[in-house]
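The primary structure of each chain is shown beneath.
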Amino acid sequence: MTPFQTKQLDLIRQMELEFQTNSSASQIVSMQKDYTNDNQLCLAAVSFLPNDLATIIDTQLIKPLQLLNPDQYYFPINGLHLTVQNVRVIASPPSYDNDTIERAKTVFSTIVPHYGAQHFELAGLLNMPTSLAVIALVTKEFNQLVRQLRSELILNDCADNKSYFSDEIIFANITICRYTKIPDKKWFDFIKKMNNKPIGNFSAKTISLIETNAGCHPSKTKVFDTYKFHQN
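So, here's what we can say about the structure. (Residues numbered from 1 in each chain as written. Predicted model: local features only at pLDDT ≥ 70, side-chain atom pairs only at ≥ 80, totals over all residues. Heavy atoms only, no water.)

Overview of helix α3 (residues 98-111)
The periodicity of an α-helix, 3.6 residues per turn, causes residues three or four places apart in sequence to face the same way.
Argument step 1. Its 14 residues place the ends of α3 20 Å apart at the C-alpha level, agreeing with the 20 Å of an ideal helix rising 1.5 Å per residue.
Argument step 2. Among the residues of α3, those classed as buried are T100, I101, A104, V107, F108 and I111. Within α3, the buried residues cover an arc of 125° as seen down the axis, which keeps them to one side.
Argument step 3. As for α3, its buried residues are in contact with β1 (41-48), β3 (81-91), α4 (140-155), β8 (206-212) and β9 (222-228).
Argument step 4. Capping the start of α3, D97 holds a side-chain oxygen 3.1 Å from the backbone nitrogen of D99, two or three residues further along. (Helix = DSSP H or I, 4+ residues; strand = E, 2+ residues; numbered from the N terminus. Expected span 1.5 Å × (residues − 1). Buried < 20%, exposed > 50% of the residue type's maximum accessible area, 1.4 Å probe, protein only. Arc of directions from axis to C-beta. Contact = heavy atoms within 4.5 Å. Polar contact = N/O pair within 3.5 Å; in protein donor to acceptor, adjacent residues only side chain to side chain.)

Below, the structure written as C-alpha cells:
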C-alpha cells in the first residue's frame, strides 16, 4: 500500500466513524424497501467489474451475507461497479435531461482518452448507514482524472450535484449491498472479520456513462456511451 493509499484508507475509516454520530457526513442513498423497482434514477460514469473479480466478491462476500440476512438487497454480478464520477444523484423524477446527458458525454469523451487504464486495490469493507461497500484504493492519477472531470463538468454546465465527505483526497468504493433494514449482530460480526481483508485488484480499461437506480438493477440501467482509456 502506497502512502497515498494509506491516507485514503485513514480518511475512509474516519468517515465511517463520523457516520456513527452524524448521518449527514456525506450524501448517501436513503434506505428503501424495494430497490429492484425503485424509480429514482441517477446519472453517473462507472467502471463495471471484470467477471472474474465480480465472481470473487459474489462468492466471498455476497453469498455468505445472503445466508446471514436474505432480506437485504444484493447487487447482481453484472451490476457490480465502481463509480468514477457522479453527475446527478438519484431522484424521481430524475434531476437531468437529454441536454445534461449530451453535455456529460462531451466531457467524458474528451477527457478519458488522455488517461491510461486506472488501477484499483480492493482493501476491505466500508460499512455505511444504509449500505455496505468494498473499499477501492486509487492512484494519484485517478485523483487527477476525477478532479479534471469535475472541473470540466462545471465548465460544461452539468456539475456534479453530490456532496462529499472530503475534497482533500478522492477515494472509491464498490457497493455490494443496500439495506432494507438494519442488519443483526451476526451480520456485523462477519463484516468485522472481513473488514480489512484484501480482496484483489483490477485495472479499469473503460468508463460507461449510465442511468440507473440505487441498486443498479438491470431493468433500471441504461448505458449511454462507453469511453476507452488509452493503451500504454
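Thoughts on the packing of aromatic side chains
Argument step 1. Summed over the entire model, instances satisfying the criterion amount to seven aromatic pairs.
Argument step 2. Seen in terms of ring centroids, Y73 and F75 are 5.8 Å apart; in terms of plane orientation they differ by 70°. Their pairing is edge-to-face.
Argument step 3. Relative to W187, the ring of Y74 lies with its centre 6.3 Å away and its plane at 45°, an arrangement referred to as tilted. In this pair, Y74 sits in strand β2 (residues 73-74) while W187 sits in helix α5 (residues 185-194), placing the two residues 113 residues apart along the sequence.
Argument step 4. For Y74, a relative accessible area of 10% gives the class buried. (Phe/Tyr/Trp six-rings, centres within 6.5 Å; stacked < 30°, edge-to-face > 60°.)

Concerning the packing of α3 against α4
Argument step 1. One can describe the packing of α3 onto α4 by two numbers: an axis separation of 10 Å at closest approach and a directional angle of 145°. Where α3 crosses over α4, the handedness of that crossing is right-handed. Facing A104, V107, F108 and I111 of α3, the residues of α4 in contact are L145, Q148, L149, E152 and L153.
Argument step 2. Classifying every residue of the contact of α3 with α4 by side-chain character gives seven nonpolar, one polar and one charged. (Axes fitted to C-alpha atoms, helices over the stretch in contact; angles between N-to-C directions. Left-handed = near helix turned anticlockwise from the far one by under 90°. Nonpolar A, V, L, I, M, F, W, Y, C, P; charged D, E, K, R; others polar.)

Section: the environment of I210
Argument step 1. Locating I210 in the fold gives a position in strand β8.
Argument step 2. When its relative accessible area of 0% is taken as the criterion, I210 is described as buried.
Argument step 3. As a C-alpha pair, I210 and V134 span 76 residues in sequence and 21 Å in three-dimensional space.
Argument step 4. Not counting residues within four places of it along the chain, the set of residues in contact with I210 comprises C42, L43, A44, V46, F48, T221, K222, V223 and F224.

Observations concerning the nonpolar core
Argument step 1. Counting residues in each nonpolar core, the largest one holds 75 residues, and the members touching the most others are I57, F108 and I176.
Argument step 2. Leave out the neighbours within four places in its chain, and I176 touches I57, L61, I62, L65, Y73, Y74, F75, L80, L125, L132, A133 and V134. (Core = buried A, V, L, I, M, F, W, Y, C linked by side-chain atoms within 4.5 Å.)

Points about the sheet that holds β1
Argument step 1. Here we have four strands laid out as an open sheet, ordered β3-β1-β8-β9, and antiparallel in their pairing. Lying at the two open borders of the sheet, with one neighbouring strand each, are β3 and β9. Pairwise comparison of adjacent strand axes, ignoring direction, gives a mean angle of 15° for this sheet.
Argument step 2. Bridge count between β1 and β8: five bridges; the pairing is antiparallel. Bridging from a neighbouring strand, C42 pairs with T212 of β8.
Argument step 3. Seen against the sheet, α3 touches β1, β3, β8 and β9 and runs at an angle of roughly 20° to β9. (Pairing = 2+ DSSP bridges.)

What about the pattern of salt bridges?
Argument step 1. Applying the stated criterion across every chain, the model contains six salt bridges.
Argument step 2. The salt bridge partner of D58 is K63, with a shortest N-O separation of 2.3 Å.
Argument step 3. According to the relative accessible area criterion, D58 is buried, its value standing at 9%.
Argument step 4. Residue classification places K63 among the partly exposed residues on the basis of a relative accessible area of 44%.
Argument step 5. Close ionic contact of D99 with R103 constitutes a salt bridge, the shortest N to O distance being 2.8 Å. In this pair, D99 and R103 are both assigned in helix α3, four residues apart and thus about one turn of the helix distant.
Argument step 6. Assessed through its relative accessible area of 42%, D99 is described here as partly exposed.
Argument step 7. The partly exposed category is assigned to R103, whose relative accessible area is 31%. (Salt bridge = Lys/Arg side-chain N within 4 Å of Asp/Glu carboxyl O.)

Some points on unusual backbone geometry
Argument step 1. Following S92, the chain continues into P93 via a peptide bond in cis, with omega recorded as 0°.
Argument step 2. Among the structural elements, P93 can be located in the loop between β3 and α3.
Argument step 3. The phi dihedral of D157 is positive, around 60°, even though this residue is not glycine.
Argument step 4. Position of D157 relative to the elements: it lies in the loop between α4 and β6 (172-178).
Argument step 5. Positive phi is not limited to glycine here, since C216 has a value of about 45°.
Argument step 6. As for its position among the elements, C216 is in the loop between β8 and β9.
Argument step 7. Note on C216: relative accessible area 4%, which makes it buried.

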